[in-house]
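Survey of secondary and tertiary structure
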Amino acid sequence: MGDKEKRVRKAVLPVAGMGTRFLPATKAQPKEMLPVVDKPLIQYAVEECIASGITHIIFVTGRKKSAIEDHFDSAPELERFLEEHGKPKLAQMVREISGDVHFSYTRQSEALGLGHAVLTAYDLVGDEPFAVLLGDVIMDGAVPATKALVEIYEATGVGAIDVEEVPRERVHLYGIVDAIPEKNTKWGERLLRIRDLVEKPPAEKAPSNLGVTGRYVLPAEIFRYLETTKPGTGGEIQLTDALRSLAKAEGLFAHVFEGTTFDAGDKLGFLKATVEFGLRNPDFGPAFREYLKSRKF
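Values in this document were obtained by computation on a predicted structure and should not be read as measured data.

Analysis parameters
- All chains use their own residue numbering, which begins from 1 and follows the written sequence.
- Reporting of local features is limited, given that this is a predicted model, to residues whose pLDDT is at least 70; pairs of side-chain atoms are given and counted only at 80 or more, and all residues count toward the totals for whole chains, interfaces and linings.
- Only heavy atoms go into the side-chain values, all of them from the structure, while hydrogens and water stay out.
- For every residue, the accessible area obtained with a 1.4 Å probe (protein chains only) is divided by the maximum for its type, and the residue is called buried under 20%, exposed over 50%, and partly exposed between those limits.
- Helix and strand assignments follow DSSP, with helices taken as H or I runs no shorter than four residues and strands as E runs no shorter than two, numbered in order from the N terminus.
- In this scheme, strands are said to pair when DSSP sees at least two bridges between them.
- Whether two residues touch is decided by their heavy atoms; if any such pair falls within 4.5 Å, the residues are in contact.

**Brief notes about the pairing of strand β12 (residues 252-256)**
Burial analysis of β12 places five of its five residues in the buried class, which makes it a mostly covered element. Both faces of β12 are covered, namely the face carrying Leu 252, Ala 254 and Val 256 and the face carrying Phe 253 and His 255. Examined bridge by bridge, strand β8 (residues 159-165) and β12 share five bridges and lie parallel to one another. Each residue of the ladder has a partner; that of Val 163, found in β12, is Val 256. Relative to β12, strand β10 (residues 191-199) is paired through three bridges, and the arrangement is antiparallel. Across the sheet, residue Leu 192 finds its bridge partner in β12, namely Ala 254.

**Things to note about the environment of Met 93**
Mapped onto the elements of the fold, Met 93 is located in helix α5 (residues 88-96). Residues Met 93 and Glu 79, spaced 14 residues apart in sequence, show a C-alpha to C-alpha distance of 9.1 Å.

**Observations concerning helix α2 (residues 41-51)**
A large share of α2 lies buried, amounting to eight of its 11 residues. For α2, the complete set of buried residues consists of Leu 41, Ile 42, Gln 43, Tyr 44, Ala 45, Val 46, Glu 48 and Cys 49.

**Description of the pairing of β10**
Two elements, strand β9 (residues 175-181) and β10, share seven bridges in a ladder whose sense is antiparallel. Within β10, the position partnered with Ile 180 by the bridge is Arg 193.

**A short note on unusual backbone geometry**
The amide bond that connects Leu 23 to the next residue, Pro 24, takes the cis arrangement and shows omega of 5°. Position of Pro 24 among the secondary structure elements: in the loop between β1 (10-14) and β2 (35-36). If you check the backbone angles, Val 37 has positive phi at about 65° while not being a glycine. Relative to the helices and strands, Val 37 is located in the loop between β2 and β3 (39-40). In this model, Lys 200 sits at a positive phi of 50°, which is unusual for a non-glycine residue. Its location among the elements puts Lys 200 in the loop between β10 and β11 (210-218).

**A short note on the environment of Ala 160**
Take Ala 160: it is sitting in strand β8. Given a relative accessible area of 0%, Ala 160 falls into the buried group. Among all residues touching Ala 160, those that are not within four sequence positions of it are Leu 149, Ile 152, Tyr 216, Val 217, Leu 252 and Phe 253.

Okay, structure coming up:
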């Protein structure tokens, strides 16, 4: 594999889901546009892509998702308005939302699973490695989650996914990996070679407590396995099934993420993310902390 083929330039962000867990807030707006403090949820994933060296982001969208496209489009009228009204910092912030990144959009016509959503991006990804980020998962660490996976892929030529330890009573909510340590790497015990993956197993049958978190860097070969993956429960094409085939034929690493993961596609996870990032805000974080301390729980 040549250097050009190893470089990860593109990322796929599946955002076609209907967001039913957040109804009625998502009746007329995408779940991905709900604000976590002062940014739409999806912007955290886009910023992670930019910090990881991604230069082309592909959104797999569905109906009523045009607000996402509008958010990452240029807004010269708004920038000019802010400049003319003495708010240059806000104008610059608006200008930097999309960074120096190219955005593409493709439509997933039916909700046929995560595997189908990734396959929908095939024509835009082409024959090169790419990242996949679940936009309703915020991963907060010293090293961006996707950046760590990109470094692993570009060093080894082998796909990698992020995992984290989950409580045994919650393994039935995750894809769980069966993996062994990969020896003699600079990532030490945090890099594992996957032998198999199990989708949402009962605790007594789970091969480990390492759950898949929603960050992937994959070779183009994954599309071949997705094309031959048969629909499973609910008629959906599961990405996990294609990853199992990839792991057995080409190899696949699991990287144990160092940081905090917020499942903001869940109401409680969304609230936790909002509180955490609210406390960090330099403008009102200290006052927010004092407010929380003053509450009688």
